[in-house]
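# Overview (structure and organization)
Here's the letter readout for the chains.
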Amino acid sequence: MGGLIQNLNVFIILTMLSGMLSCDFITPGPVAENEILDGPIEGLTFEQNALFVAGDEAFGATFTSKTGLGPIFVATSCGSCHAGDGKGHPFTTLVRFGQADTTGNIFLTRGGPQLQNRAIPGHMPEQIPEGATSAKFTPPAVTGLGFLAALTDEQILANADPGDADGDGISGRPNYIIPPDYFQPQGIHQFREGKIIGRFGKKAAAVNLLHQTVNAYNEDMGITSDFRMEDPINYAVANQSADMIADPEVPAAVVRNVVFYLRTLKAPIRRNEMEPEVIRGQQLFSDLNCVACHLPEWKTLESDISVLSNQIFHPYTDLLLHDMGASLDDSYTEGIAMTSEWRTPPLWGLGLSKDAQGGVYYLLHDGRANSIEEAILFHGGEADGSRQLFLQLTDDEKEALTRFLESL
Amino acid sequence: MLLTGLTPTLAQDKQVSKDSLKINLNMDAVYSRPFLQFGKSTVAIGGYMEVNSNYFVTDGITEGLSFHMQRLTIFMSSTINQRIKFLTEIEFEDGTKEINIEFAALDFELHPLLVVRGGIIMNPIGAFNQNHDGPKWEFVERPLSATTIVPSTWSNVGFGLHGKSYQGSWVWAYEAYLTNGFDDTIIDNELGKTWLPSTKESPDRFEESFNSTPMTTVKTAIRHRKIGEIGISWMGDVYNKFKEDGIIVDNKRRVDVVAVDYNTTIMQKWYITGEWTWTFIDVPETYSQQYGSRQTGGFTDVVYTILKKRMLGWDKARLNASIRGEYVDYNRDTFNETGGKIHDEVWGINTSLSFRPSLQTVIRANYGYYWETDLLGNPPSKTVRVQFGFSSYF
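Residues numbered from 1 in each chain as written. Chains lettered and ligands numbered in written order. Predicted model: local features only at pLDDT ≥ 70, side-chain atom pairs only at ≥ 80, totals over all residues. Heavy atoms only, no water.

### Considering the sheet that holds strand β2 (residues 94–97) of chain A
Residue and element names in this part refer to chain A. With antiparallel pairing, the three strands of this open sheet are ordered in space as β3-β2-β5. Looking along the sheet, the strands with just one partner apiece sit at the ends: β3 (114–115) and β5 (134–137). One ladder, built from four bridges, connects β2 with β5; its direction is antiparallel. Residue R96 lies in a different strand from β5, and its bridge partner there is A135. (Pairing = 2+ DSSP bridges. Helix = DSSP H or I, 4+ residues; strand = E, 2+ residues; numbered from the N terminus.)

This is the structure in C-alpha cells:
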C-alpha cells in the first residue's frame, strides 16, 4: 500500500510537471490588433519583415553618452517619445524657437530651431535665448506614416484651396520647404522654386520620413548620422565642443532601417465602428464639416513597397496648413506657415492615444487639451465654423461624436 | 567556536561536516556549503550547477522553448590555520559568456567579534547577495529586486571586519567593509533606467576604484534559533567621476542602498524568506528623468513542505510547494512636467513545485506571471515564465 501511494505521488508530480511544460495554459494572449498601434502592415515579404524588425530594434534603442547621446538632447531613444508608436507625453514634449514669421529662423546660430532641454552629466542644457518666440510640440503617433508618405504632391495639392475659391472659409495650403542636401526626389515630388511640399511635423516642415528621422536623431537625441554629421551644441556655453564620440554615431543604414520601419508600420485599425452611436458620430463629424480638413479617405498610387500600392486608407487629414485662430497661435512657425497655421493632424489612432500617454489625453500640437471635447473647443480660425456647430450639439450628440473619434 | 563551521578532518576524501551547535546566519552562507576534502590536504572543494528550460510568453508572443546553462560555480576553501581561512568562488554564467571571481577572500580571526576579511568580497547588502546558491532556492529565477536593484551577485575588492556574538539561542553579527564601488553607468546605460548592475560590466572594477572613493557596506543581523533572522544593511558610495587630474569637474553624486532581510521557519514545514530594498541616487537635475533617483523593490518566498519521506528510493526526500511575490519600482520620482507618478514597475507572482531528493539537490518547475509598466504607466505587458530545471551542489 505504501509503495502504491509512493508511486501515486510520483505520478502526480510528473503529471503536474509535464502539464506545466507541455501546453500553453494560462499564458497571456496577444493584444487585439485593433487595440495596439505597433506592428507591420500585412503582406510584407520575409525580407521586408526582417528590415522591419531591424528598424524596430533601432527605434527602441536607448543611446548613452558612450554611444553618442547628446551632449544636449530631449530624449534618449525614438521609442521614449513614441511609446507603443503612439503619441507622446509632456515628459518628451519638445520646444522649437526662433522663427516668428515666414522670413526664416533668425536664431539658427543660437541653437534654433529646437531646444535641447536636457544634457548628459558634465554639460549644460540649452535655454531659449532672450527674444525668441517658441512653441511646444508633443510627439505624434508614428503609425501609418508609410501611407501618407506614398501620396503624391499632386494628390495633396488637389485639396489645397489657398485663396478659398470655393468660399467655404477653409483655405488649406501646403508648406513649402527647402529640402536637405541629401534629399533625393522621387516621382511623387514636385519642386516649386527649389522647394518641396512638407508633409510631416506639426508645421509640415519635413519633406519626407528620411528628413524627419534624420532631424529626430540629431535634434531630439543629439545623434549624428551620415546625413547630419554635427552634434547639437549649446551656443550659450563658451566651449562649443560636442561629445567625444566619433561621427557618425549611427550609420546611414540604421537611419534607413528606421525609415523603413516607419513606412511599414500598419495603419491604426478601427474599433466599434459598427456601433450605432459611432455611426451617428461619424455622420455628425461630416455634418459639422470637420471632414473639410480631416479628410477621411485617400488612395495611394504605385509604391516601391508593393503592399503600399493602390491602398485605400483613412487618416483623417489633408496634410495641409490651416489657420487655427488666435487660441492656437504660439507666435512660432516653420517654413512658409504663419504662426497660427498648423498642419491638419491625422486623427487615426486617436482612441488609442491614452494607452501611449499614460492614461491621459494630451491632444493638440502641445498636449494642452486633456479631452477630445477640449481639443475641439480650442479650434478657431478656419475651424471656427465647425466649433460653433459643435457647441450647438446636445450632450448625446457630443458623446456620439466623441465615441466616433475614439473609434478611429 | 570555529570561524566558519568547517571542521578539519583527517578522513580520506570526506565531506566536510558543519558544526551542528552553531547558528548560521545569511552572512555564513559563503562557508555554509558542502565541501569535499581530500586526504590530509587543507584544501576543500565544492560547487554547484544550475540548468533549466525556459518558455516565456509576453502578450501572446513567444520565442519558444530554449535551454539555459545558468551557471556552473566552483568553490575552494582552505583552512590555512585554525584562525586563517581562505575561500574562493568562481562562476561560469550562461556557459562561458561570463566568468567571474565572485568571492576570493582571506579571513583572519583576531577574536570571534573581530575577523579581518580582505579580497574580493560579496558586499553584505540584503541577504540574497551572500546567500544566492541555486540549490538553496525553489525558483529558477533569482528575485528581481535582488538582481536588478541590488545587483547580485555584487562583489568588490576591499577590506573590512566581521564578527559574531552568541548568547543562548541568540546570535548577533555585523559586517563592515570598504570596497571599490559603482560607476556612472548606473545612470547612463542602454536600458534607459537607473540600473545598478551596469557597473558589473566594467572590466576595471577589480583593479581600481572608478573615482578613488571607497564604497562602504555595513550590515547587522540577529537570529534566534527558533524564531528566525532579521538583518538590516546599507551601502553607500560616490558613483560619478567628480575629479579629473586633480581638478573638480562635478559634484560628488551618491548612491545609497538600504535593505532589510528576514527569514523564519514555522513548524519545520513553512519557510519564509524575503528582503526589501530602497535605493537613493543623486541624478543631475538637467539629465533625463527616466533615470530614477529613488527605487524600491523586494520579494517574499513562502515554501511549504508537502511531503518529507522516502520517495523514489531517496531517504528524507522532500516535495515542496512555493510561492514568491515580488515587486520592483525602478523609478519612484514624479514627472516635472505633470507632477504625475513615473511608473517603470514590475509585479510578479511565481509558483514552484520542487522535489529535493536531498537538501543539496533540487528539481523544480516554476510558473510565474509578471506585469511590467513603462515610465508613463501605459497598460502593462504581461509575461508568463514557465521554467523547469535542476540545481545541485556537487
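### A few points about the pairing of β2(A)
Residue and element names in this part refer to chain A. The side-chain alternation of β2 yields two buried faces, one formed by L94 and R96 and the other by V95 and F97. Pairing of β2 with β3 involves two bridges; the strand directions are antiparallel. Bridge pairing in β3 links R96 to Q114. (Buried < 20%, exposed > 50% of the residue type's maximum accessible area, 1.4 Å probe, protein only.)

### Comments concerning the packing of helix α2 (residues 46–60) of chain A against helix α7 (residues 252–264) of chain A
All names here are of chain A. Across the interface, α2 lies against α7 with an axial gap of 7 Å and an inter-helix angle of 110 degrees. Taken together, the axes of α2 and α7 are roughly perpendicular relative to one another. Contacts between α2 and α7 involve Q48, L51, F52, A54, G55, D56, A58 and F59 from the former and V254, N257, V258, F260, Y261, L262 and T264 from the latter. Residue composition of the contact of α2 with α7, grouped by class: 10 nonpolar, four polar and one charged. (Axes fitted to C-alpha atoms, helices over the stretch in contact; angles between N-to-C directions. Parallel < 35°, antiparallel > 145°, perpendicular 65-115°, else oblique. Contact = heavy atoms within 4.5 Å. Nonpolar A, V, L, I, M, F, W, Y, C, P; charged D, E, K, R; others polar.)

### Regarding the domain arrangement of chain A
Residue and element names in this part refer to chain A. Each assigned domain of chain A is listed here: domain 1 (2–35), domain 2 (46–264) and domain 3 (276–329 + 340–406). One C-alpha centre belongs to domain 2, the other to domain 3; they are set 23 Å apart. Each partner contributes to the interface: domain 2 provides 40 residues, whereas domain 3 provides 37 residues. Both sides together, the interface formed by domain 2 and domain 3 hides about 3,400 Å², and carbon and sulfur atoms give 63% of it. Among the residues of domain 2 in contact with domain 3, K87, F147 and I170 are the three that bury the most area, contributing 19% of the side total. Run the count over domain 2 and domain 3 and you get two salt bridges. Across the salt bridge formed by D304 and R263, the nearest N and O atoms sit 2.6 Å from each other. (Domains from an automatic or database assignment. Buried area = accessible area lost by both parts, 1.4 Å probe. Salt bridge = Lys/Arg side-chain N within 4 Å of Asp/Glu carboxyl O.)

### Points about the packing of helix α6 (residues 209–221) of chain A against α7(A)
Two quantities define a packed helix pair, namely the angle between the axes and the distance from one axis to the other. Residue and element names in this part refer to chain A. Direction vectors running N to C along α6 and α7 enclose 125 degrees, while the axes themselves pass 9 Å from each other. When the axes of α6 and α7 are compared, the pair comes out oblique. Where α6 crosses over α7, the handedness of that crossing is right-handed. Along its contact with α6, which presents L209, L210, T213, V214 and Y217, the element α7 presents V254, V255, R256, V258, V259, L262 and R263. When the residues that make up the contact of α6 with α7 are grouped by side-chain class, the tally is nine nonpolar, one polar and two charged. (Left-handed = near helix turned anticlockwise from the far one by under 90°.)

### Quick word on the interface of chain B and chain A
Taken together, the contacts link 47 residues of chain B with 42 residues of chain A. Buried surface at the junction of chain B and chain A, summed over both partners, amounts to about 3,400 Å²; 66% is from carbon and sulfur atoms. Inspection of the chain B/chain A interface yields two salt bridges. For the salt bridge of D184(B) with K66(A), the shortest nitrogen-to-oxygen distance reads 4.0 Å. The tally of links from chain B across to chain A stands at 10 residue pairs in polar contact (both at pLDDT 80 or more). Looking at the side of chain B that touches chain A, the elements that each hand over two or more residues are β3 (43–58), β16 (294–311), β19 (361–372) and β20 (381–393) of chain B. Per-class residue counts for the side of chain B that touches chain A are 22 nonpolar, 16 polar and nine charged. (Polar contact = N/O pair within 3.5 Å; in protein donor to acceptor, adjacent residues only side chain to side chain.)

### Description of the side chain of S340(A)
Considering the arrangement of structural elements, one finds S340(A) in the loop between β10 (321–323) and β11 (341–343). Under the relative-accessibility criterion, S340(A) is labelled buried at 9%.

### Concerning α6(A)
Residue and element names in this part refer to chain A. A rise of 1.5 Å per residue sets the reference length of α6, with its 13 residues, at 18 Å; its end C-alpha atoms lie 17 Å apart and thus fit the reference within 8%. Two to three positions downstream of the cap, the backbone nitrogen of L210 sits 3.3 Å from a side-chain oxygen, assigning the N-cap of α6 to N208. One or two positions beyond α6, positive phi appears at G222, with a value near 70 degrees. (Expected span 1.5 Å × (residues − 1).)

### Things to note about the packing of aromatic side chains
Under the defined criterion, the tally for this structure stands at 32 aromatic pairs over all chains. Ring centres of W154(B) and F182(B) lie 4.5 Å apart, and the angle between their planes is 15 degrees; this geometry places the pair in the stacked category. Taken together, the residues W154(B) in the loop between α1 (144–149) and β8 (155–167) and F182(B) in the loop between β9 (170–179) and β10 (215–224) connect sequence positions 28 residues apart. The residues W154(B) and F182(B) share a single accessibility class, namely buried. Above the plane of the ring of Y176(A) lies R192(A), whose end atom (NZ or CZ) is 4.0 Å from the centre. The side chain of K203(A) reaches across the aromatic face of W342(A), ending 3.7 Å from its centre. (Phe/Tyr/Trp six-rings, centres within 6.5 Å; stacked < 30°, edge-to-face > 60°. Lys NZ or Arg CZ within 6 Å of the ring centre and 35° of its normal.)

### Quick word on α7(A)
Because each turn of an α-helix spans 3.6 residues, side chains separated by three or four positions end up pointing in the same direction. All names here are of chain A. Between its first and last C-alpha, α7 extends 18 Å over 13 residues, near the 18 Å set by a 1.5 Å rise per residue. When α7 is considered as a whole, its buried residues turn out to be A252, V255, V258, V259, F260, Y261, L262, R263 and T264. Where the residues of α7 are buried, they touch α2, α4 (145–150) and α6.

### Some remarks on the pairing of β19(B)
Residue and element names in this part refer to chain B. Where strand β18 (residues 345–358) lies against β19, 11 bridges are found, and the strand directions are antiparallel. Bridge assignment links I349 to a residue of β19, and that residue is Y369. Joining the antiparallel neighbours β18 and β19 is a turn of two residues.

### Structural notes on the nonpolar core
With 66 residues, the main nonpolar core has L148(A), Y217(A), L262(A), F182(B), I186(B), I187(B) and V255(B) as its most contacted residues. Elements supplying a minimum of two residues to this core: α2, α4, α6 and α7 of chain A together with β14 (254–266) of chain B. Of all the elements, α7(A) adds the most residues to this core, at seven residues. Summarising the domain contributions, this core has at least three residues from each of domain 2 (46–264) and domain 3 (276–329 + 340–406) of chain A. Grouped together as the second largest cluster of nonpolar side chains are 22 residues, C290(A), A369(A), L393(A) and F404(A) included. (Core = buried A, V, L, I, M, F, W, Y, C linked by side-chain atoms within 4.5 Å.)

### What to know about the pattern of salt bridges
Applying the stated criterion across every chain yields a total of 33 salt bridges over all chains. Among the ionic pairs, E277(A) bridges to R403(A), the shortest N-O distance being 3.9 Å. Of this pair, E277(A) sits in helix α8 (residues 276–287) while R403(A) sits in helix α11 (residues 395–406), and the two are 126 residues apart along the sequence. One salt bridge in this structure joins R254(B) and D256(B), with 2.9 Å as the shortest N-O distance. Judged by relative accessible area, which is 17%, D256(B) ranks as buried. Among the charged side chains, a salt-bridge network with shared partners connects E50(B), R71(B), E91(B), E93(B) and R364(B).

### Structural notes on a nonpolar patch on the surface
All names here are of chain B. Judged by side-chain polarity, F108, L110, L113, L114, L161, W170, W172, I222, I227 and I230 come together as a nonpolar surface patch covering roughly 870 Å² of accessible area. Elements that contribute at least two residues to the nonpolar patch include exactly β6 (98–111) and β9. One can find I227 in the loop between β10 and β11 (228–238). Of the residues examined, I227 reaches a relative accessible area of 53% and is grouped as exposed. (Patch = residues over 30% accessible without salt bridge, like charges linked within 9 Å, V, L, I, M, F, W, Y side chains within 5 Å. Areas by Shrake-Rupley, 256 points an atom, 1.4 Å probe, with all protein chains shown as cover.)

### Quick notes on the environment of Q116(A)
Residues and elements named next belong to chain A. Along the chain, Q116 turns up in the loop between β3 and β4 (118–119). Owing to a relative accessible area of 3%, Q116 belongs among the buried residues under this scheme. Spatially, the C-alpha atom of Q116 lies 9.2 Å from that of R96, the residues being 20 residues apart in sequence.

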